[in-house]
Amino acid sequence: MGNSVGQNSLGIPRGKGPHQVGSTDLMVGHTIQGTFFRLYYPCQAEEGSDELNWIPCREYFNGLADFMKMSRALSERIFNFLFGSYKIPAAWNASFKPDGKYPVVIFSHGLGAFRTLYSAICVELASQGFIVAAVEHRDESASATFYYKEKSETKQSHHAPRETFRPVSDNLVEEWMYYRPLKTGESELLLRSNQVKQRADECIRALDLLIDINSGKSVENVLLSEFDWSKLKNCMDMCRIAVMGHSFGGATVIECLCKEVKFKCGIALDAWMFPLEEEIFPSVKQPIFFINSEKFQWAGNIIRMKKLDSAVIPRKMITVLGAVHQSFPDFTFLTGHWVGKILKLHGEIDPHIAMDLCNRASLAFLQQHLSLEKDFNQWNHLIDGKDVHLIPGTNITLLQSSI
Ligand SMILES: CCN(CC)CCN(C[C@]12C[C@](c3ccc(C(F)(F)F)cc3)(C1)C2)C(=O)Cn1c(SCc2ccc(F)cc2)nc(=O)c2c1C=CC2
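Please read these numbers as outputs of a predicted model, since none were measured by experiment.

Would you mind showing me how to read the overall build of the chain here?
Broken down by element type, the chain carries nine helices and twelve strands. Against the globule reference of 22 Å for 403 residues, the chain gives a C-alpha radius of gyration of 20 Å, in line with a compact fold. Dimensions of the chain, computed from the C-alpha atoms along their principal axes, are close to 65 × 50 × 50 Å. Each of the 403 residues in the chain was classed as buried or not, and the buried ones make up 57%. Long-range pairs, those at least 24 residues apart, make up 74% of the contacts in the chain with a sequence separation of at least 6. Of the roughly 16700 Å² of accessible surface on the chain, a fraction of 54% belongs to carbon and sulfur atoms.

What follows is the structure, encoded as structure tokens:
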């Protein structure tokens, strides 16, 4: 577990569902075009496991510093002090627990984030009986990500051999890609719309890889790991697949639904709609659930969400009162209230209450649109914003001159 600061111990909450949760990393294809995700899954109970750091290695802190426009040296020490000792709230490489066919969720991270930062959401889903793949995007929107080059290909100084993850072959050398800020004079719309298309392709490739794994195809994990992927054969329900994402990852949800009908529904957490071309909206036929924070949204962004409203396709929106944009990623659990307020990681609402509402509303929506036979329907009222901390729709007034 993480540090405990002050009276209440901090740390990313564990899943509340009936299953113990395991986690492991998969990279297939060592190049930048490869697929890279963290898998969260129901595992055998009481698995002993070597705990893994929540932030896998220092390059991610460096990337975060670049993203936050902070100096790397200073911020690496701050991030290490604040967040360096947190472990993921799951059993690393624990044995998979076969139990029928689990529904599947593909999760897409936000701008400046990466695959490990939404473990509170992914662990909760896995504890409730989902298999969740949190992809790491290589579109230069992640704070940092890595892939490999053949030794012969690169003249870069070679990294010291790592303790957390190692490539299968010692002919491969790690290559790091960091967050690419917008260049002066560069069109943000062009950059972001190209990135959202790449992000959707990466989510679809991750899904195709899970389909291969489910069919029993052997998988070549570039990362050395003891996890036995063959155990997942015939354990995923390829008719019950959803896509979920935060902010830029929320836009990626819409792009995925448009491109891949295997995604039966989408959940967009505080979606950032800017990168999307509205021309694709009519071709999105699946149910969508927008779960917004009170503080992040603005009229233009909400108006674009409303362009996806439909009389025939379920399109729902709720707003979590007192929540901020950072109420969805894990950081919201890792500082006390006042540091959290200063860093904009906390709103007025208690982070655990906000996360529980988001997770329970999501589970109820997934039960409805993946036709699950669980008891998540107990939270159907949350989909309509029926809770003291929720409102249906949005808090944003859409005063628009009648066009
Ligand atoms: C300052 C520079 N400027 C960059 C363009 C704006 C930076 N910014 C606001 C921030 C992220 C913030 C943050 C992080 C992390 C700590 C920490 F201390 F906990 F590490 C603190 C404070 C700084 C709040 C956002 O970009 C918000 N945002 C995000 S934040 C996703 C994220 C990133 C890193 C994380 F560690 C966790 C979550 N994802 C999106 O898809 C979109 C937006 C905006 C539009 C689309």
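Just checking my understanding: could you explain the environment of His 137 for this structure?
Along the chain, His 137 falls in the loop between strand S5 (131-135) and strand S6 (144-150). Here the alpha-carbon distance between His 137 and Phe 248, two residues 111 residues apart in the chain, equals 11 Å. Filtering out sequence-adjacent residues up to four positions away, His 137 remains in contact with Ser 108, His 109, Ala 142, Thr 145, Arg 199, Glu 202 and Cys 203. A polar contact of 2.7 Å, which involves the side chain of His 137, links it to the side chain of Glu 202.

When you look at helix H8 (residues 351-369) in this model, what are you seeing that I'm missing?
Turn by turn, an α-helix covers 3.6 residues, leaving residues three or four places apart pointing in a common direction. For H8, which comprises 19 residues, the first-to-last C-alpha distance of 27 Å matches the rise-based estimate of 27 Å (1.5 Å per residue) to within 8%. Counting buried residues along H8, 15 of its 19 residues qualify, which places the element largely inside the surrounding structure. With a side-chain oxygen positioned 2.6 Å from the backbone nitrogen of His 352, the residue opening H8 is Asp 350.

So what exactly am I meant to see when it comes to the site of the ligand here?
Near the ligand there are 21 residues, and of these Leu 111, Gly 112, Ser 247, Phe 248 and Phe 331 occur at the shortest range. Contacts to the ligand include Leu 111, whose backbone N or O atom sits 2.7 Å from an oxygen atom. Take Phe 248: an N or O atom from its main chain is 2.8 Å from an oxygen atom of the ligand. In isolation the ligand offers 830 Å² of accessible surface; the protein chains occlude 82% of this area. Every element with two or more residues in the shell around the ligand is listed here: helix H1 (58-67) and helix H2 (72-83). Looking at the shell around the ligand residue by residue, the class counts come to 15 nonpolar, five polar and one charged.

Whenever I open this one, the UniProt feature "active site" (unreviewed entry) in the chain confuses me. Can you help?
The positions that UniProt labels "active site" (unreviewed entry) are, in the present scheme, Ser 247, Asp 270 and His 325. The greatest C-alpha distance among the residues just named is 8.1 Å, despite their covering 79 residues of sequence, which places them together in space. Looking at where Ser 247 falls in the secondary structure, it is placed in the loop between strand S8 (236-246) and helix H5 (248-259). Residue class for Ser 247 comes out buried when judged on its relative accessible area of 9%. Checked against the element boundaries, His 325 lands in the loop between strand S11 (315-320) and helix H7 (337-342).

Explain the side chain of Thr 252 here, please?
Among the secondary structure elements, Thr 252 is positioned in helix H5. Under the relative-accessibility criterion, Thr 252 is labelled buried at 0%. Here Thr 252 is in contact with Ser 108, Val 196, Arg 199, Ala 200 and Cys 203, once residues within four sequence places are set aside.

Teacher, can you tell me more about the sheet that holds S11 here?
Two orientations exist for strands paired in a sheet by backbone hydrogen bonds: parallel and antiparallel. Strand order in the open sheet made by the ten strands is S3-S1-S2-S5-S4-S8-S9-S10-S11-S12, with mixed pairing throughout. In this open sheet, the two edge strands, each paired with only one partner strand, are strand S3 (91-92) and strand S12 (390-392). Helix-sheet contacts for H5 involve strand S4 (102-108), S8, strand S9 (265-269) and strand S10 (288-293), and the interaxial angle to S8 is about 140 degrees.

Would you mind showing me how to read H2 here?
Within the sequence span of H2, burial applies to Ser 75, Glu 76, Phe 79 and Phe 83. Seen from one end, H2 has its buried residues packed into an arc of 105 degrees, which puts them on one side. With respect to the buried face of H2, the exposed residues turned more than 90 degrees away are Arg 77 and Phe 81. Of the surrounding elements, those touching the buried residues of H2 are H1.

What counts and what doesn't
- Residues numbered from 1 in each chain as written.
- Predicted model: local features only at pLDDT ≥ 70, side-chain atom pairs only at ≥ 80, totals over all residues.
- Heavy atoms only, no water.
- Helix = DSSP H or I, 4+ residues; strand = E, 2+ residues; numbered from the N terminus.
- Rg over C-alpha atoms; globule rule 2.2 N^0.38 Å.
- Buried < 20%, exposed > 50% of the residue type's maximum accessible area, 1.4 Å probe, protein only.
- Contact = heavy atoms within 4.5 Å.
- Areas by Shrake-Rupley, 256 points an atom, 1.4 Å probe, with all protein chains shown as cover.
- Polar contact = N/O pair within 3.5 Å; in protein donor to acceptor, adjacent residues only side chain to side chain.
- Expected span 1.5 Å × (residues − 1).
- Near = heavy atom within 4 Å.
- Nonpolar A, V, L, I, M, F, W, Y, C, P; charged D, E, K, R; others polar.
- UniProt positions renumbered as here; feature names shortened; annotations may be inferred.
- Pairing = 2+ DSSP bridges.
- Axes fitted to C-alpha atoms, helices over the stretch in contact; angles between N-to-C directions.
- Arc of directions from axis to C-beta.

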